[in-house]
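Topology and contacts: notes
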Amino acid sequence: MADLSSISARLARLWAGIVATVGPVLRDADAACAVLLDRLGAGSKAAGRATARGSARAALASWNVLWPFTVRLGYLAWRGVRHVVRGLFGLDRGDPDTVARGRIRLVMLAFCCLFVAIAVQLSHLAMTADGGGGRGRGSDAVASARPDIIDRNGDIVAIDVKSPSLFAEPRRLIDPDEALEGLLKVLPDLDVEEARKRLNSGKGFAWLKREITPAQMRAIHRLGFPGIGFLKENRRIYPDGPIISHVMGGVNVDNQGISGIEKWIDSRGLAELHLAGFATDRQQEPVQLSMDVRVQHAVRDELVKAKNKFQALHAMAVVTEVNTGEIISLVSIPDFDPNTSGNPKDDAYLNRLTTGVYEMGSTFKALSFAMALDSGKIGLNSTFDARGALHFGKFAIHDYHAENRVLTVPEIFLVSSNVGTAKMVLSLGVEAHKAFLKKMGQLDRLKTELPESSEPIVPKRWGELNSATIAFGHGLSVAPLQAVMAVNSMVNGGFLIPPTFIKRTPEEAQKVAVRVLKPETSDKMRYIMRLNAEKGTATKAEVPGFLVGGKTGTAEKVVNGRYAKNKLLTSFTAVFPMDKPRYLVLVMLDEPKATSETYGFATSGWNAAPTAGKIVERIAPMLNIAPRQNLPNAEQLLRMPLKVADRN
């Protein structure tokens with residue numbers, strides 16, 4: 001109360017002083033306005049000074065009153081918050097455990113508040129960020145770092161290098177049109193309309209061209225335009241160019257995987273690092289492939305020669321390690337250079353070994369023989385009548401080179417009899433056939449690290465006619481790599497192992513292996529495949545010293561819903577060495593033409609088989625398989641069962 005009385009007294013004295021000072025002046029001015037007009041300004045100044053002094057005194061009086069009140073209020077608020085916090089977190093109790101738990105809760109609350117603040121900021125940035133242009137022009141993101149990719153021997157097949165990129169700060173540009181005119185002299189391929197739009201956008205940042213050359217950077221720098229700058233970005237380089245392109249895939253302008261192994265790497269967490277901005281210049285462990293670049297070069301070289309020699313539309317080849325499922329080489333011709341941008345819809349970008357599905361022809365007969373021998377109902381000495389065509393209503397199944405006699409199981413394989421194979425499968429039943437192909441992974445999509453794959457084309461209604469034609473490789477379309485997986489199991493002791501493009505140890509392979517065939521079935525398959533190279537349709541694939549075995553395949557392509565006899569897809573599956581199988585080679589040629597050397601024939605034994613033989617001869621030394629002498633023949637192989645230890 002004393003403080004309030006003092007304030008009232010001070011205000012009263014202040015008001016009295018103001019009235020005493022201003023009142024006489026106003027009365028004098030009112031009485032002698034005309035005479036004292038020139039003195040009015042001086043009187044006003046005096047009044048202004050008096051008013052200012054009064055205001056200062058009032059403000060000082062208010063401060064003297066409010067300051068203690070503000071301090072007291074703040075102290076009370078602090079004590080209140082302190083009591084609330086101590087009560088909530090148990091810090092007001094004497095028990096040390098309770099106090100410790102309270103402090104932990106307090107720390108957790110602080111971290112929660114911190115993360116909420118970060119989340120709010122990130123959301124704000126996400127909502128206000130400029131989306132920037134499409135993939136073709138480049139977004140406003142900075143290309144992030146990617147891990148190196150190496151082959152099974154440690155050779156680099158993909159690596160990041162620093163490359164300059166051109167950007168603009170439109171807000172700082174003095175004359176956007178002049179800047180564009182200068183840039184076009186150095187970069188004539190620049191999109192004029194898009195560049196003009198970006199230069200006149202008024203934004204703080206806009207990409208103009210990603211991944212320019214150092215010479216272009218120096219030339220633009222000499223132009224001296226303010227608001228034009230450069231950023232060093234990560235650019236993906238593939239030293240081998242198109243050699244391994246279908247496996248590598250590619251990245252976009254922001255260094256993000258869009259196909260092949262590159263896309264698979266992003267799916268394993270790198271994409272999330274990109275989005276969070278934590279992958280820039282990040283040191284990452286290299287990704288090691290199962291591929292061997294040396295083998296890849298050799299396979300591609302022989303495949304290109306065969307494609308040109310037989311004037312084929314396309315050519316494909318794959319090399320696998322039969323005991324681990326590792327893919328050592330995969331080539332699909334035509335291919336592309338991942339170092340340069342292109343149209344993904346072009347024919348060269350299609351990986352026909354994983355994305356394409358085909359009727360594999362007689363190569364697929366190997367599955368029919370494995371099914372028959374594994375059933376226990378059919379043996380090597382079993383016979384089937386191949387003296388005529390096999391009829392289904394108006395449909396008839398013929399042999400290409402009809403023997404017109406009763407054939408044993410090995411003879412059916414050697415002469416590649418369609419009739420004998422169909423009768424052998426039908427003797428076991430349609431349902432048994434479907435179940436076996438399902439078990440061998442031929443009726444489901446094959447999944448590997450490559451995201452590009454296709455579903456098999458399976459008959460909607462599967463009857464005896466379907467089983468008869470599928471038995472010799474027609475009526476069911478699968479990815480070639482899918483068929484390779486099944487053949488691997490026939491020679492590795494009976495284990496179905498998913499193929500992989502990533503380096504895998506024998507121990508890792510055993511963890512994913514599934515037994516699908518009896519060991520003795522695998523021994524019999526090795527025998528008839530080697531016998532085929534000795535005196536069957538695969539003699540032109542024989543390579544002295546390497547004990548090659550295999551199966552030919554010639555399929556007529558479907559054109560306008562009908563099989564075309566002059567449009568063939570030829571294939572050959574080679575395995576070596578047959579006494580202790582290590583590697584499988586599949587070669588496929590799309591519509592090869594007959595030559596004088598083939599005596600007018602365009603079937604597999606005249607083109608795909610010799611091509612596979614040349615590949616085996618070149619790659620075997622690279623794979624540490626030396627030529628040998630005094631090798632066992634097929635009959636001796638049959639008496640040499642494959643031991644588990646021999647698989648590695």
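Our structure is the block above this text.
Here is a short report on the structure shown in this document. All values derive from a computational prediction rather than experimental measurement.

Considering the nonpolar core
Counting residues in hydrophobic clusters, the biggest one holds 79 residues, and the most contacted among them are I149, I261, L289, L437, M490 and F501. For this core, the element with the highest residue contribution is helix α15 (residues 480-491), accounting for 8 residues. Those residues within four positions of I149 in sequence are excluded, and the remaining contacts are D155, I156, V157, A158, R236, M248, I261, E262, I265, V287 and L289. V299, I333, A538 and I619 belong to the second largest nonpolar core, which has 34 residues in total.

Quick word on unusual backbone geometry
Of the consecutive residues I333 and P334, the connecting peptide bond is found in the cis state with omega at 10°. In this structure, P334 sits in the loop between β9 (327-333) and β10 (358-359). Following F576, the chain continues to P577 via a peptide bond in cis, the omega torsion being -20°. Locating P577 in the fold gives a position in the loop between β19 (562-576) and β20 (583-590). The phi angle at Y599 is positive, at roughly 60°, despite the residue not being glycine. Judged by its relative accessible area of 64%, Y599 falls in the exposed class. Positive phi, normally seen in glycine, also occurs at N630, with a value near 55°. By the element assignment, N630 lies in the loop between α18 (608-619) and α19 (634-638). Overall, N630 belongs to the exposed group, its relative accessible area being 80%.

A closer look at the sheet that holds strand β18 (residues 549-559)
Hydrogen bonds along the backbone pair up the strands of a sheet, which may run parallel or antiparallel. The strand order across the open sheet formed by 5 strands is β9-β8-β20-β19-β18, and the pairing between neighbours is antiparallel. Looking at strand neighbours, the two that pair on one side only are β9 and β18, the edges of this open sheet. Looking at each pair of strands side by side, their axes are set apart by 15° on average, direction ignored. Two elements, β18 and β19, share 11 bridges in a ladder whose sense is antiparallel. In the strand pairing of β19, E556 is matched with L568. Along the sheet, helix α17 (residues 519-535) contacts β18 and β19; its crossing angle with β18, the most-contacted strand, is approximately 85°.

A closer look at the packing of aromatic side chains
One pass over the structure, following the stated rule, counts 7 aromatic pairs. Relative to W207, the ring of F205 has its centre 5.2 Å away and its plane inclined at 80°; by these criteria the two rings are edge-to-face. Ring geometry for Y599 against W606: centres 5.7 Å apart, planes inclined by 70°, an arrangement best described as edge-to-face. Every member of this aromatic cluster is reached through a ring pair, and the members are F167, F205 and W207. The ring of F495 has R515 sitting right over it, with the charged end atom 4.2 Å from the ring centre. Positioned over the ring face of F413 is K551, at 5.5 Å from the centre of the ring.

A closer look at a negative patch on the surface
On the surface, a cluster of negative charge is made up of D175, D177, E178 and E181. Summarising the element assignment, E178 is placed in helix α4 (residues 176-186).

With respect to helix α13 (residues 430-439)
Count 3.6 residues to each turn of an α-helix, and residues three or four apart come out pointing the same way. Every buried residue belonging to α13 is among V430, H433, F436 and L437, and all of these are buried. Along the long axis of α13, the arc covered by the buried residues comes to 125°, so they all point the same way. Of the surrounding elements, those touching the buried residues of α13 are α10 (365-374), α12 (418-426) and α14 (464-471). Once α13 ends, the next one or two residues include G441, with phi positive near 75°.

A few points about the packing of α10 against α12
Between α10 and α12, the shortest axis-to-axis distance is 10 Å and the interhelical angle comes to 40°. For the element pair α10 / α12, the angle class is oblique. As α10 packs across α12, the resulting crossing turns out to be left-handed. Contact residues: α10 offers K365, S368, F369, M371 and A372, while α12 offers N418, T421, M424 and V425. Classifying every residue of the contact of α10 with α12 by side-chain character gives 5 nonpolar, 3 polar and 1 charged.

Quick look at the pattern of salt bridges
Scanning the model with the defined rule gives 34 salt bridges in all. One continuous salt-bridge network, built from bridges that share partners, spans R146, D160, R236, E262 and D266.

Notes on the state of the cysteines
A complete count under the given rule lists 0 disulfides for this structure. Here C112 is not cross-linked by a disulfide; its sulfur's nearest cysteine counterpart is in C113, at 6.9 Å.

Looking at a nonpolar patch on the surface
Residues V107, F111, L114, F115, I118 and L122 make up a contiguous nonpolar surface patch of about 590 Å² in total accessible area. Mapped onto the elements of the fold, V107 is located in helix α3 (residues 96-128).

A look at the pairing of strand β2 (residues 156-168)
Pairing of strand β1 (residues 149-150) with β2 involves 2 bridges; the strand directions are antiparallel. Within the sheet, the bridge partner assigned to I150 lies in β2 and is I156. The turn joining β1 and β2, which pair antiparallel and follow one another in sequence, is formed by 5 residues; a positive phi near 95° is taken by G154. Of the pairings in the sheet, the one linking β2 to strand β4 (residues 228-237) comprises 10 bridges and is antiparallel in character. The partner of D160 across the bridge, within β4, is R236. Pairing between β2 and strand β3 (residues 206-209): 3 bridges, direction antiparallel. When the bridges of β3 are listed, A168 appears paired with A206.

Cut-off values and rules
- Residues numbered from 1 in each chain as written.
- Predicted model: local features only at pLDDT ≥ 70, side-chain atom pairs only at ≥ 80, totals over all residues.
- Heavy atoms only, no water.
- Core = buried A, V, L, I, M, F, W, Y, C linked by side-chain atoms within 4.5 Å.
- Buried < 20%, exposed > 50% of the residue type's maximum accessible area, 1.4 Å probe, protein only.
- Helix = DSSP H or I, 4+ residues; strand = E, 2+ residues; numbered from the N terminus.
- Contact = heavy atoms within 4.5 Å.
- Pairing = 2+ DSSP bridges.
- Axes fitted to C-alpha atoms, helices over the stretch in contact; angles between N-to-C directions.
- Phe/Tyr/Trp six-rings, centres within 6.5 Å; stacked < 30°, edge-to-face > 60°.
- Lys NZ or Arg CZ within 6 Å of the ring centre and 35° of its normal.
- Patch = residues over 30% accessible without salt bridge, like charges linked within 9 Å, V, L, I, M, F, W, Y side chains within 5 Å.
- Areas by Shrake-Rupley, 256 points an atom, 1.4 Å probe, with all protein chains shown as cover.
- Salt bridge = Lys/Arg side-chain N within 4 Å of Asp/Glu carboxyl O.
- Lys, Arg positive; Asp, Glu negative; His and termini not counted.
- Charge placed at Lys NZ, Arg CZ, Asp CG, Glu CD.
- Arc of directions from axis to C-beta.
- Parallel < 35°, antiparallel > 145°, perpendicular 65-115°, else oblique.
- Left-handed = near helix turned anticlockwise from the far one by under 90°.
- Nonpolar A, V, L, I, M, F, W, Y, C, P; charged D, E, K, R; others polar.
- Disulfide = S-S within 2.5 Å.

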